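Reading the structure
Spelled out from the first residue to the last, the chains are:
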Amino acid sequence: LTAKGTGAYRMEKAFVPITWHSYKKFPDLKNLHTVMINEDTAYMVRYNEQFGDFFDVLSYFTNHNPQVRRHLIKELDARKAEGMKKLIIDARSNQGGYWAEGVETASLFTKEPFKMARRGTELFGKPQMIHTVLVGADGRFSDIEVILLVDMYCVSAGDSLVKVLSQCPNVR
């Protein structure tokens, strides 16, 4: 991702050119919703890692949010029916929220389960995981090529989303 003169962003060597202008074409796009931007590429915005319901609070304790999972599957199935082969997840300026939203997202893009540190520390100069989360392997969208947009304003659970998605083989 490189900055160009007036603050517009564009991706280098990406499968579809993305500019700040094309992002602004969808000002009413709600968090976790998608739209097709060309015949085979969908765009998903992630303003934060909150779905806005009671399950958000429960997800803090369970590391799962079934409402988010159902919503993502519905959105991505609809885009796949429209011909989606590539997905851009825009996590720029993601304000954070709940870790489980990232875990639910990543599970849809991997066929192999993996553990992620949710909390860690350093002990005698070595990183130690205090609490890990198992990211399940649903994999129903593992055939979709994903590019993740991120900037320095992506914080907290937004960073967690980026970290957990970076472990999926089809995300770059």
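None of these values were measured; they are calculated from a predicted model.

1. Focus on the pairing of strand S4 (residues 41-45)
Counting buried positions along S4 gives five out of five residues, so the element sits mostly inside the fold. Residues of S4 alternate between two faces, with Thr41, Tyr43 and Val45 on one and Ala42 and Met44 on the opposite face, all of them buried. Inspection of the sheet shows strand S3 (residues 34-36) paired to S4 by three bridges, in the antiparallel sense. Bridging from a neighbouring strand, Met36 pairs with Ala42 of S4. Where S3 folds back onto S4 in an antiparallel hairpin, the turn is made up of four residues. Here S4 runs beside strand S5 (residues 86-90); their pairing, made up of five bridges, is parallel. Residue Thr41 lies in a different strand from S5, and its bridge partner there is Lys86.

2. Brief notes about the pattern of salt bridges
Counted by the stated rule, this structure contains 10 salt bridges. For Glu145, the salt bridge is made with Arg172, and the minimal N-O distance between the two is 2.5 Å. Here Glu145, found in strand S8 (residues 145-149), pairs with Arg172, found in the segment after helix H5 (157-166); they are 27 residues apart in sequence, far enough to count as distant. Owing to a relative accessible area of 47%, Arg172 belongs among the partly exposed residues under this scheme. A single salt-bridge network, built from bridges that share partners, covers Arg69, Glu104, Asp138 and Arg140.

3. Looking at the packing of aromatic side chains
Inspection of every chain in the model, using the stated rule, returns one aromatic pair. Centroid distance Phe109 to Phe141: 6.3 Å. Interplanar angle 45 degrees. Geometry classified as tilted. On the criterion of sequence distance, the pair formed by Phe109 in the loop between helix H4 (99-107) and strand S6 (114-123) and Phe141 in the loop between strand S7 (126-135) and S8 is long-range, its members being 32 residues apart. Of the residues examined, Phe141 reaches a relative accessible area of 1% and is grouped as buried.

4. Quick notes on the nonpolar core
Within the largest apolar cluster, 31 residues are counted, with the highest numbers of intra-cluster contacts made by Leu76, Leu87, Ile89, Phe109 and Leu165. At the level of secondary structure, the elements contributing two or more residues to this core comprise S4, helix H3 (66-81), S5, H4, S6, S7, S8 and H5. When residues of this core are assigned to their parent elements, the largest contribution, four residues, is made by H3. Tyr43, Val45, Ile88 and Ile147 belong to the second largest nonpolar core, which has six residues in total.

Conventions we followed
- Residues numbered from 1 in each chain as written.
- Predicted model: local features only at pLDDT ≥ 70, side-chain atom pairs only at ≥ 80, totals over all residues.
- Heavy atoms only, no water.
- Buried < 20%, exposed > 50% of the residue type's maximum accessible area, 1.4 Å probe, protein only.
- Helix = DSSP H or I, 4+ residues; strand = E, 2+ residues; numbered from the N terminus.
- Pairing = 2+ DSSP bridges.
- Salt bridge = Lys/Arg side-chain N within 4 Å of Asp/Glu carboxyl O.
- Phe/Tyr/Trp six-rings, centres within 6.5 Å; stacked < 30°, edge-to-face > 60°.
- Core = buried A, V, L, I, M, F, W, Y, C linked by side-chain atoms within 4.5 Å.

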